[in-house]
Amino acid sequence: MVNFRIDESVKKSMEQACREMGLSMTTAFTIFATKVGREKRIPFEVTAEPCGPASPWPSRREEPRGESLLARQKRLEALCAELRRSLTSIHTAIPSSITGLSMERIRLLCGDELKEKAAGIAYAGQNLFSGRNAGALEEKDLCILDEYLEDLSDITEDLWDAASVLVPAMKAWTGGDTRIFEEYEWRLSTVSRNLDGLQPVMQRFLRSTARRYGSARALQNRIRQAAAQVETDCVRTALEDLAFLAARSYDALDDSTKARLETHYLQILERTLQELGQEERSGGDPAGKAALCLRATSVVSQVLSSGGQAQRERDQRSLEAEVTALERLAALRGDVPGGAGPEA
């Protein structure tokens, strides 16, 4: 095991990049270590200054949905293969000399329960991406599928982490109290419960329809990714509040507001955050840029809030209209005091 500290913003950025490539952070670091060991060098150029101005955002151009589906299919297959490898490594490493309730439970989990659930996920994935479903998938909300893959990636990494500690512990065990394995039983049971939690997400995906714009979760990720490039505390706090507001209000926006938010206001916010980050790194006074970022954050908050307020006002007007209609109908029937009856 190799443990080291890493800046939280760097970790989040790398996790996002790894998810897009269908990798876990563990796999990415392993690839890096293997390449360094083989080539005896850092496998990329290391410089004190960036080679040129770098945009904090990838291109907003959407890839063709067919290519996007293929990337997701490959990622699902890779995650299922990693699940199988971790389960096999644990199951084959259990020595017959270790007994006790916890170890018997671990045997059942890795030999039967988790193995069957992993196989079920792999089988469902094969059916999902089969040729007969190609047209149907084009009409689904891929943001929900991404949520499913992210959850599965987290589960896969949790299982790998448990295996990387449990297998050496079993090999080093020479006798004594087997209750030391209770922690691993709990961790594997948690993995099993989390695998069960994937099915509702998949059902939501299968019932979904394609959305023209992104999801609230995607908007949150975009805001947090932008926040990762600045260090000013008040700006980061405001952006975290903005991400929370996005989760509550984004879905209530109409399409025109979503389009304006994503293609105009957010781009302005991203640009101001980029300028603040550059000012911070250059050692200058970031106060002016920070104030500009706070103002841009406030504008985006107002757009989100006004959109939610507009939805609430529409709902209120609809309810009021319905109540008015019912009152008129009751009056016509003579059901309310002072109402004109049929004879009148």
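Treat the numbers as computed from the prediction; the structure is a model and nothing was measured.

Undergrad: Sorry if this is basic, but what is going on with the overall build of the chain here?
TA: Each helix and strand counted, the chain has twelve helices and zero strands in total. Reading the helices (α) and strands (β) of the chain from amino to carboxyl end gives α-α-α-α-α-α-α-α-α-α-α-α. By the burial criterion, 35% of the 344 residues in the chain qualify as buried. Sequence separation of 24 or more characterises 76% of the internal contacts of the chain that already satisfy a separation of 6 or more. Of the roughly 20,800 Å² that the chain leaves accessible, carbon and sulfur atoms contribute 53%.

Undergrad: Explanation requested: the pattern of salt bridges in the structure shown.
TA: Two side chains carrying opposite charge are able to pair once their charged atoms lie near each other. Applying the stated rule across the entire model yields ten salt bridges. Note that Arg 107 is salt-bridged to Glu 104, the shortest N-O span being 2.7 Å. Of this pair, Arg 107 and Glu 104 both sit in helix α4 (residues 101-128), three residues apart, which is roughly one turn of the helix. Where salt bridges share partners, they join Arg 105, Glu 113, Lys 117 and Asp 196 into one cluster.

Undergrad: How should the environment of Tyr 265 be read in this particular structure?
TA: With respect to the secondary-structure elements, Tyr 265 resides in helix α11 (residues 255-282). Judged by its relative accessible area of 22%, Tyr 265 is partly exposed. On a C-alpha basis, the gap between Tyr 265 and Val 303 in space is 8.7 Å, while along the polypeptide they are 38 residues apart. Excluding anything up to four places from it in sequence, Tyr 265 contacts Arg 260, Val 299, Val 300 and Val 303.

Undergrad: Honestly, the environment of Ala 228 in this entry has me stumped. Any pointers?
TA: Turning to its location among the elements, Ala 228 is positioned in the loop between α9 (216-227) and α10 (233-249). For the pair formed by Ala 228 and Gly 277, sequence separation is 49 residues and the distance between their alpha carbons is 9.3 Å. Here Ala 228 is in contact with Ser 9, Ser 13 and Arg 236, once residues within four sequence places are set aside.

Scoring rules and cut-offs
Residues numbered from 1 in each chain as written. Predicted model: local features only at pLDDT ≥ 70, side-chain atom pairs only at ≥ 80, totals over all residues. Heavy atoms only, no water. Helix = DSSP H or I, 4+ residues; strand = E, 2+ residues; numbered from the N terminus. Buried < 20%, exposed > 50% of the residue type's maximum accessible area, 1.4 Å probe, protein only. Contact = heavy atoms within 4.5 Å. Areas by Shrake-Rupley, 256 points an atom, 1.4 Å probe, with all protein chains shown as cover. Salt bridge = Lys/Arg side-chain N within 4 Å of Asp/Glu carboxyl O.

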